[in-house]
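# Results of the structural survey
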Amino acid sequence: MLAALPPVQAAAADDTPPATRSSYSDSAVDQAVARFIQTRGDKPFWIVDGAPGKNARRLVQLLQHADQDGLDPQWYNAADLAHRIDHVSDLDWERKLETDLSRALIDYVRDVRWGVVKNRMDYTDDNIDWHVPSPATILASAAAAPDFVEWMHQIRGVNPLYRRLRLALAQIRAAPDDAYTTIPSGDLVHPGESDSRIPVLRKRLGVTVADNSGANTPDPQQAQANNSGPGNTLDPQTVQALKNFQRAHGLSADGVLGPGTLAMLNQSRDAQIDLVRANMERARWLPHGALGAKFVLVNIPQYEVHMYQRGKEPQLIKAVVGEAGKQTPLMVDRIEYAEVNPYWNLPPDITAKEIVPEVQSHGVGYLRSKDMEVVRDFNPDTKPISPGSVSWTKAAALTPKFLVRQRPGKQNALGQIKFMFPNPNAIYLHDTPADSLFSRSARDDSHGCVRLGRPLDFAAWLFDGQGIDKTKFQKLIATGKHQNVGLNGAVPVYLGYFTAWPDDKGNVAFQKDVYERDSGLIAAIKKS
């Protein structure tokens, strides 16, 4: 395993394209390689008994197949190194090959484990670090490993999500060409209706209908020539498969073949490869290893919260995330406690943009109608001040010369419970009184925090090791009293952005790029 490394501050996500490959400086790599070779003296790492050893050949093999990890073998001069390990070119070949293999190892290890572009996740808990090693550390770790091949295997393992994406990438590349047959455009097709494109639809969905009516004819030209017959009917079996596809890809699961569904179905192989590569890069931005014996992963484009606990089946809860103008940030932190019957402490920008105009139009009675109060600080025990004693201007709210909070109760925008991982972004998971939002397929409608569809089920899962179940939380809520319930051990929470979501078999569901980040990341990777 790599030695402990100094933390590197990961940048918070924004709408600008990620910076291209944050390479080490040439001088840093040159110095590390020169020191590595000099330190080993007459025992080169790559050359054994005057010839390239097994470590050299294994590295070159990995470089030649770097595309398995969504990387480009040309970045590491794989073809040239493969030729050179079998062809001695000059008297100084050993020193040159030892140098170039060492440089290639540094670049490959950095890219496959820590990423090609700058990490866009904000690590806001000091107990979870994301480390980028120095060139010297990479070389020293490789040389110290009892088994270089096993060491490289661990490096490429990254984390479970990454490994699933790598499997998905392999399966997309191996899929037959007819799996990517384009479905022609046309009118909406509802369940029970006939359309010439239905046989092609079945081919894309992998549906086989047990009849002799030509229902499975995949030829688009033949399909367009005939618009009638049982084979062209959107039958119940195909409707169910279509609904499953729509649900997995974040679409409205209505079983109707429409333009949105058609666009997702008609993704080309190359487009899917680009998306999986981009999401493998995002997976590298997460911590390495198992991600925790128990952890929470919010997948923003999927509008879902995934709950993982070692030895138990993963659980899933619907979520509402930040709208495009108030995006949920990409973050890594740890949930420390639940807050029952919470106050909603309004951020100054929300007070300035939304509350001040209402008070200016309707007077301070607006605050009473929303069960809000004015305070000087957000301490739960602080006493409210008269709303008439402050200047209701946007400038005063932003300074802030006063603060606004909503009292616990039925109107509270955070509902009955919230889950805290204190951070500079003021982001948390919480309940909501707006339950109707969870019936939508697109759920980007918050100010940035994550609303939970079943918050008490989440609370029971989170605290299951402390004897605090759903019933206990219901009793705490019923008191109407604001109180905190601490976790005995903080639980990692990852707020990620994965528009390609794989299952454990490598099947991948592509999600709408709700914040329009894919194209910038794909371009940055290709530019490297």
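Please refer to the structure higher up on the page.
Owing to the predicted nature of the structure, the values given are computational and were not obtained by experimental measurement.

Cut-offs applied
- Residues numbered from 1 in each chain as written.
- Predicted model: local features only at pLDDT ≥ 70, side-chain atom pairs only at ≥ 80, totals over all residues.
- Heavy atoms only, no water.
- Pairing = 2+ DSSP bridges.
- Helix = DSSP H or I, 4+ residues; strand = E, 2+ residues; numbered from the N terminus.
- Salt bridge = Lys/Arg side-chain N within 4 Å of Asp/Glu carboxyl O.
- Buried < 20%, exposed > 50% of the residue type's maximum accessible area, 1.4 Å probe, protein only.
- Expected span 1.5 Å × (residues − 1).
- Contact = heavy atoms within 4.5 Å.
- Core = buried A, V, L, I, M, F, W, Y, C linked by side-chain atoms within 4.5 Å.
- Axes fitted to C-alpha atoms, helices over the stretch in contact; angles between N-to-C directions.
- Parallel < 35°, antiparallel > 145°, perpendicular 65-115°, else oblique.
- Polar contact = N/O pair within 3.5 Å; in protein donor to acceptor, adjacent residues only side chain to side chain.
- Left-handed = near helix turned anticlockwise from the far one by under 90°.
- Nonpolar A, V, L, I, M, F, W, Y, C, P; charged D, E, K, R; others polar.
- Phe/Tyr/Trp six-rings, centres within 6.5 Å; stacked < 30°, edge-to-face > 60°.
- Lys NZ or Arg CZ within 6 Å of the ring centre and 35° of its normal.

The next subject is the sheet that holds strand S8 (residues 344-345). Reading across from one edge, S8-S10-S9 is the order of the three strands in this open sheet, with antiparallel pairing throughout. Edge positions in the sheet fall to S8 and strand S9 (372-375), since each has one partner strand and no second. Across four bridges, the pairing between S9 and strand S10 (residues 403-406) is antiparallel. Each residue of the ladder has a partner; that of glutamate 373, found in S10, is arginine 405.

Further remarks concern the pattern of salt bridges. Inspection of every chain in the model, using the stated rule, returns 27 salt bridges. Two residues, arginine 282 and aspartate 518, come together in a salt bridge whose shortest N-O distance is 2.8 Å. Of this pair, arginine 282 sits in helix H12 (residues 269-284) while aspartate 518 is found in helix H18 (residues 518-527), placing the two residues 236 residues apart along the sequence. Neither arginine 282 nor aspartate 518 differs from the other in exposure class; each is buried. A salt bridge links lysine 312 to aspartate 464; the nearest nitrogen and oxygen atoms lie 3.2 Å apart.

Attention now moves to helix H1 (residues 26-40). With 15 residues, H1 should reach 21 Å at 1.5 Å per residue; the first-to-last C-alpha distance of 21 Å fits that figure. Here the buried face of H1 lies against helix H4 (93-114) and helix H5 (135-144). Positioned one or two residues after H1, glycine 41 has a phi angle of 60°, which is positive.

Attention shifts here to the pairing of strand S11 (residues 417-420). In S11, alternate side chains face the same way, and those of Ile417 and Phe419 on one face and Lys418 and Met420 on the other are all buried. Summarising the sheet, S11 and strand S12 (residues 429-430) pair through two bridges and their orientation is antiparallel. If you follow phenylalanine 419 over to S12, its bridge partner there is leucine 429.

Core analysis: the biggest nonpolar cluster contains 101 residues, and Leu105, Tyr108, Phe148, Trp151, Leu201 and Leu297 have the highest contact counts within it. In terms of residue count, the dominant contributor to this core is H4 (ten residues). By size, the runner-up hydrophobic cluster in this structure holds 53 residues, among which are Phe402, Met420, Leu429 and Val485.

Moving on, we come to the packing of H4 against H5. As a packed pair, H4 and H5 sit with axes 10 Å apart at the nearest point and diverge in direction by 105°. Taken as axis vectors, H4 and H5 run roughly perpendicular relative to one another. Along the contact surface, H4 presents Ser102, Leu105, Ile106, Val109 and Arg110, while H5 presents Pro135, Ile138, Leu139 and Ala142.

Next up on the list: the side chain of lysine 294. For lysine 294, the location among the structural elements is in strand S4 (residues 294-299). Among the residues examined, lysine 294 registers a relative accessible area of 15% and is labelled buried. Engagement of the side chain of lysine 294 in a polar contact is seen with the side chain of aspartate 464, the distance being 2.8 Å. For lysine 294, the contacting residues outside a window of four places in its chain are Tyr308, Gln309, Trp461, Leu462, Phe463, Asp464, Val491 and Pro492.

To continue, consider the packing of helix H2 (residues 54-64) against H4. Remark: H2 packs on H4, axes separated minimally by 11 Å, with the N-to-C direction vectors making an angle of 45°. As the angle between them shows, H2 and H4 are arranged oblique. Of the two elements, H2 crosses H4, and the hand of that crossing is left-handed. Across the interface between the two elements, Ala56, Leu59, Val60, Leu62 and Leu63 of H2 pack against Leu101, Ala104, Leu105 and Tyr108 of H4. Partitioning the contact of H2 with H4 into residue classes produces nine nonpolar, no polar and no charged.

It is worth spelling out the packing of aromatic side chains at this point. For the structure on display, the rule yields 15 aromatic pairs. Look at phenylalanine 295 and tyrosine 308: their rings are 4.8 Å apart centre to centre, the planes differ by 20°, and that puts the pair in the stacked class. Of this pair, phenylalanine 295 sits in strand S4 while tyrosine 308 is found in strand S5 (residues 304-309), placing the two residues 13 residues apart along the sequence. Owing to a relative accessible area of 18%, tyrosine 308 belongs among the buried residues under this scheme. Of the aromatic side chains, those joined through ring pairs into one cluster are Phe36, Phe45, Trp46, Phe148 and Trp151. The positively charged end of lysine 418 is found above the aromatic ring belonging to tyrosine 428, 4.5 Å away from the centroid.

By secondary structure assignment, the location of serine 185 is in the loop between helix H7 (160-174) and helix H8 (198-205). Each C-alpha atom, one on serine 185 and one on arginine 113, is 41 Å from the other, the two residues being 72 residues apart in sequence. Leave out the neighbours within four places in its chain, and serine 185 touches Arg197 and Leu262.

Any functional reading would require information beyond the geometric quantities listed.
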